[in-house]
Amino acid sequence: MFVFLAGAVLALAVWNICSGSVAVAPEDVFRTLAGKEMDVTVRRIIWDLRLPRAAAAAILGGALSVSGFLLQTFFANPIASPFVLGISSGAELAVSFLMIACLGRGTAVSSLTMISGAFAGALAATGLVLLLSGRVKNMASLVICGVMMGYICSAVTDLAVTFADDADIVNLKSWSMGSFSGISWENVKVMAAVVFPALILVFFLSKPMSVYRLGEVYAETAGVNVRRFRTELILLSSLLSACVVAFAGPVSFVGIAVPHLIKRLLRSAEPAAVIPGCFLGGAAFCLLCDRIARTLFAPAEVSISSVTAVFGAPVVIAVMAGRRKGREM
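Here we summarise the structure given alongside this text. (Residues numbered from 1 in each chain as written. Predicted model: local features only at pLDDT ≥ 70, side-chain atom pairs only at ≥ 80, totals over all residues. Heavy atoms only, no water.)

### Looking at the overall build of the protein chain
Here's step 1: The secondary structure content of the protein chain amounts to 15 helices and zero strands.
Here's step 2: In terms of overall dimensions, the protein chain has a C-alpha envelope of 65 × 50 × 35 Å along the principal axes.
Here's step 3: Taking all 329 residues of the protein chain together, 50% fall into the buried category.
Here's step 4: The contacts in the protein chain between residues at least 6 apart in sequence include a share of 75% that link residues at least 24 apart. (Helix = DSSP H or I, 4+ residues; strand = E, 2+ residues; numbered from the N terminus. Buried < 20%, exposed > 50% of the residue type's maximum accessible area, 1.4 Å probe, protein only. Contact = heavy atoms within 4.5 Å.)

What follows is the structure, given as structure tokens:
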């Protein structure tokens, strides 16, 4: 299954690079990667535009899927995700204010600064969710509170962007809808430097995570420092989702749907298998959705969240319907 998922990521990446207003042959892609001489225009289209976008879709899609799996483990809730719990919206709000403040003064915003701002916003939103979890014991009510908090953050972001004067700030509207466009190789290097070390740390948590799934009391008796483990889980999940928001804006349903699909494909819920599976599955899912978003109504581009919602929402509905049917039986 891992070989199948890796092959799907590679095939979808090549398909993404070849598709667009200018058709590119697959052999031209491999010639570009090999550094061979070819048409300058085609090479620039592949190397400067489509390759970094495909790399970003794969990296950020995988990061968002793993982040959703961590939150589902933490809250023991099948529909927990950065988007549903308002974490992505909190990161979006922080990045919007940061960019408005910097661009309004004519100051450039670096990739690391955007990630830092998004991380601060994600942590603030996560803190509010955790505060509510101490008061709201019902998980359904907690999810509703997270959704409402996300709506509030999104509304404030829309107001800030709508009443901005600078043209560059007004263009944040497309970013706030979710998009992988405008990604450069510098952005790819920064997101890779953040995401991959975080994924390694997440994988190191797979063993205590499998114990934690059996309950906090059992995890404590098994020698897991639950307080430290929960803190690490939240920090890593917030960092991964913040990186996605910083570069692509809030992307919906990937963090909910992909972990469930991967569990079905692997026929296992063991974190040591699900974590790498989620990364590959999220990468493939976002590559497919990005290709549709770019080409479905070309030359116009649909927001990535619109496409991921079309494919991800039925998965969530099926999961919830299956859980309810299991309870009735």
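There is more to say, and it comes next.
### A closer look at the pattern of salt bridges
Here's step 1: Within the structure shown, the criterion is met by five salt bridges.
Here's step 2: Notably, a salt bridge pairs Arg44 with Asp48, separated by 3.6 Å at the nearest N-O pair. One end of the pair is Arg44 and the other is Asp48, both in helix α3 (residues 40-75) and four residues apart, which spans about a single turn.
Here's step 3: Residue classification places Asp48 among the partly exposed residues on the basis of a relative accessible area of 35%.
Here's step 4: Measuring nitrogen to oxygen at the nearest pair gives 2.7 Å for the salt bridge that ties Arg53 to Glu301. One end of the pair, Arg53, is in helix α3; the other, Glu301, is in the loop between α14 (271-295) and α15 (304-328), with 248 residues separating them in the sequence.
Here's step 5: Judged by relative accessible area, which is 11%, Arg53 ranks as buried.
Here's step 6: Overall, the relative accessible area of 38% leaves Glu301 in the partly exposed class.
Here's step 7: One connected set of salt bridges, linked through shared partners, spans Arg53, Asp290 and Glu301. (Salt bridge = Lys/Arg side-chain N within 4 Å of Asp/Glu carboxyl O.)

### A closer look at the nonpolar core
Here's step 1: By size, the foremost hydrophobic cluster in this structure holds 93 residues, and its most contacted members are Val66, Leu240 and Phe247.
Here's step 2: Here Leu240 is in contact with Ala63, Val66, Ser67, Leu70, Val195, Ala198, Leu199 and Val202, once residues within four sequence places are set aside. (Core = buried A, V, L, I, M, F, W, Y, C linked by side-chain atoms within 4.5 Å.)

### A short note on the environment of Ile262
Here's step 1: When you line up the elements, Ile262 lands in helix α13 (residues 254-266).
Here's step 2: Taking the C-alpha atoms as reference points, Ile262 and Ile183, separated by 79 residues in sequence, lie 27 Å from one another.

### A few points about the packing of α3 against helix α12 (residues 226-248)
Here's step 1: Where α3 contacts α12, the two axes come as close as 9 Å, and the packing angle between them is 150°. The chirality of how α3 crosses α12 is left-handed. For the pair α3 and α12, the contacting residues are Leu60, Ala63, Leu64, Val66, Ser67, Leu70, Leu71 and Phe74 in the first and Arg230, Leu233, Ile234, Leu236, Ser237, Leu240, Ser241, Cys243, Val244, Phe247 and Ala248 in the second.
Here's step 2: Among the residues making up the contact of α3 with α12, the classes are represented as 15 nonpolar, three polar and one charged. (Axes fitted to C-alpha atoms, helices over the stretch in contact; angles between N-to-C directions. Left-handed = near helix turned anticlockwise from the far one by under 90°. Nonpolar A, V, L, I, M, F, W, Y, C, P; charged D, E, K, R; others polar.)

### Focus: the side chain of Ser19
Here's step 1: Within the fold, Ser19 resides in the loop between α1 (2-18) and α2 (26-34).
Here's step 2: A polar contact of 2.7 Å, which involves the side chain of Ser19, links it to the backbone oxygen of Trp15.
Here's step 3: For Ser19, the side chain forms a polar contact with the side chain of Arg291, separated by 3.2 Å. (Polar contact = N/O pair within 3.5 Å; in protein donor to acceptor, adjacent residues only side chain to side chain.)

### Points about the packing of α1 against α3
Here's step 1: The interhelical angle for the contact between α1 and α3, taken along N-to-C directions, is 140°, at an axis separation of 9 Å. You can see that α1 and α3 cross each other, and the crossing is right-handed. For the pair α1 and α3, the contacting residues are Ala13, Asn16, Ile17 and Cys18 in the first and Ile46, Arg50, Leu51 and Ala54 in the second.

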